[in-house]
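# Chain and residue survey
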Amino acid sequence: MAAQIRLTVLDQSPIHPVETAPGCANAGQMSIALAKACDPLGYHRYWVAEHHNSPQFAGPSPEILVASIASATTRMRVGSGGVMLSHYSPYKVAEVFNMLAALFPDRIDLGIGRAPGGDMLASSAMAWPGPPLDPGHYPAQAATLKGLLEGNLPADHPWSALHISPTIDTPPQLWMLGSGGGSAALAGQLGMNLALARFISPDHCHPGIFEAHDRGWQDAGHTGKPKRMLAIAGFCADTLEEARLLAGTAVYRKMMMQAGGQDGLLSPEAVQDQRKRFSPSEEATYRHIESGYTIGAPAQCRDEIETLATAFGTDEIAVVTVTHDFGARVKSYELLAA
């Protein structure tokens, strides 16, 4: 792989069968085990996601995983990809990540997102006894969070006198997650770095989104050059056939999610069994989703990652790999790094 491209792990904490992860009793411990395996491999960052009320993903509290993973690793930056800000007070998020940055100097990233990371039932439970927050508040929340962490809220802001403890020299690196132009422009306006989630919607993810981020950054008068990262779904195995089989778990999961279902993750063999009963249109949907993922042997994955990095004008690619088997997931990241 070209030396200038940095690889990052984006961990959604998928719920693997424990028998595929010796020494781990649950998905949280598997995230720590994966991070420890990836730390010496050259990965630049390790980010964890936030999901609620999910039978597939087990990461409801990224700040706890960030602390645990940063404690268990020494080299990678560690962060959230991301904190779903609509559920939280910007002040509390600022306090939590400021403390993390104090404990692990110059290693903590705070990525935030607009999505709820779960269904309406989870959102209502998170917001109780009030209603879920209107998404329209997100720009103000993000701006307030940044102002609190940087200590530069306007003097007339009601919270300008708040102090974030402890006092540190380097705050967490701020990122915004996006899959469209709206979040990109907002991130640029606020002076935040941008992580573009191609794995969510490859059909609607294009380089122009990064250009919207650049325009927002320049129009707001920010100096320097923002960081930007492209997040892809990637599956690497010894052969293309093995990689396609491995990716079947994630392809089928997304297909079922689009149809309104949310069951546990199926094994690759179970997915192939389901495909035998697909209608022609279902098979076409499966193949279309699969085409949006980076799947193959190491050389194939390397070539596609380099092509995507060039097309999107970025030097950092984050890879999310959702598999049924934990060992196969670790191997995929090992092969990619090599």
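It should be noted that the structure appears before, not after, this text.
Here we summarise the structure given alongside this text. Please read these numbers as outputs of a predicted model, since none were measured by experiment. Counting of residues starts from 1 at the beginning of each chain's written sequence and follows it residue by residue. Residues qualify for local features only when their pLDDT is at least 70, as the model is predicted, and side-chain atom pairs are given and counted only at 80 or more; totals for whole chains, interfaces and linings, by contrast, use all residues. Note: side-chain values were computed over all heavy atoms of the structure, leaving out hydrogens and water.

Here a helix means four or more residues in a row that DSSP labels H or I, a strand means two or more in a row labelled E, and each is numbered from the N terminus. Scanning the protein from terminus to terminus reveals 12 helices and nine strands. Each radius of gyration reported is based on C-alpha atoms, and the globular scaling rule is 2.2 Å times the count of residues to the power 0.38. Here the C-alpha radius of gyration of the protein, 20 Å, is about what a compact globule of 338 residues would show, namely 20 Å. For the protein, the C-alpha atoms occupy an extent of roughly 65 × 45 × 40 Å along the three principal directions. Looking at the protein as a whole, 51% of its 338 residues are labelled buried. Taken as a whole, the protein presents about 14900 Å² of accessible surface, with 56% of it coming from carbon and sulfur. We score Asp and Glu as negative and Lys and Arg as positive, and we do not count His or the chain ends. Just so you know, the charge point we use is NZ for Lys, CZ for Arg, CG for Asp and CD for Glu. Side chains of the protein carry 24 positive and 33 negative charges; the gap between the two charge centres is 2 Å. For the exposure calls, accessible area comes from a 1.4 Å probe over protein chains only, and a residue counts as buried if that area is under 20% of its type's maximum, exposed if over 50%, partly exposed in between. The method behind every accessible area is Shrake-Rupley, applied with a 1.4 Å probe, and residues are considered shielded solely by the protein chains displayed.

So, about the nonpolar core. By nonpolar core we mean a set of buried residues, namely Ala, Val, Leu, Ile, Met, Phe, Trp, Tyr and Cys, connected to one another through side-chain atoms within 4.5 Å. The biggest cluster of nonpolar side chains holds 64 residues, and the ones touching the most others in it are Leu110, Ile112, Met176 and Ile317. Pairs of residues are marked as contacts when any of their non-hydrogen atoms sit within 4.5 Å. Contacts of Ile112, omitting those with residues within four sequence positions, involve Val83, Leu85, Tyr138, Ala142, Leu145, Trp175, Met176, Leu177 and Met192.

Turning our attention to the packing of aromatic side chains. Planes of paired rings set the category: under 30 degrees apart is stacked, over 60 is edge-to-face and the rest tilted, where pairs are Phe, Tyr or Trp rings (Trp by its six-membered ring) whose centres lie within 6.5 Å. In this structure the tally under the stated criterion is six aromatic pairs. Judged by centre distance (6.3 Å) and plane angle (90 degrees), the rings of Phe210 and Phe312 are edge-to-face. Taken as a pair, Phe210 in helix α7 (residues 208-219) and Phe312 in helix α11 (residues 298-312) lie far apart in primary sequence, 102 residues in all. Seen from their ring centres, Tyr252 and Phe278 are 6.4 Å apart, and the 10 degrees between their planes marks the pair as stacked. Within this pair, whereas Tyr252 is found in helix α8 (residues 240-258), its partner Phe278 is found in the loop between α9 (268-275) and α10 (280-291), the two being separated by 26 residues in sequence. Take Tyr252 and Phe278: they sit in the same class, and that class is buried. Among the aromatic side chains, those forming a connected cluster through ring pairs are Tyr252, Phe278 and Tyr286.

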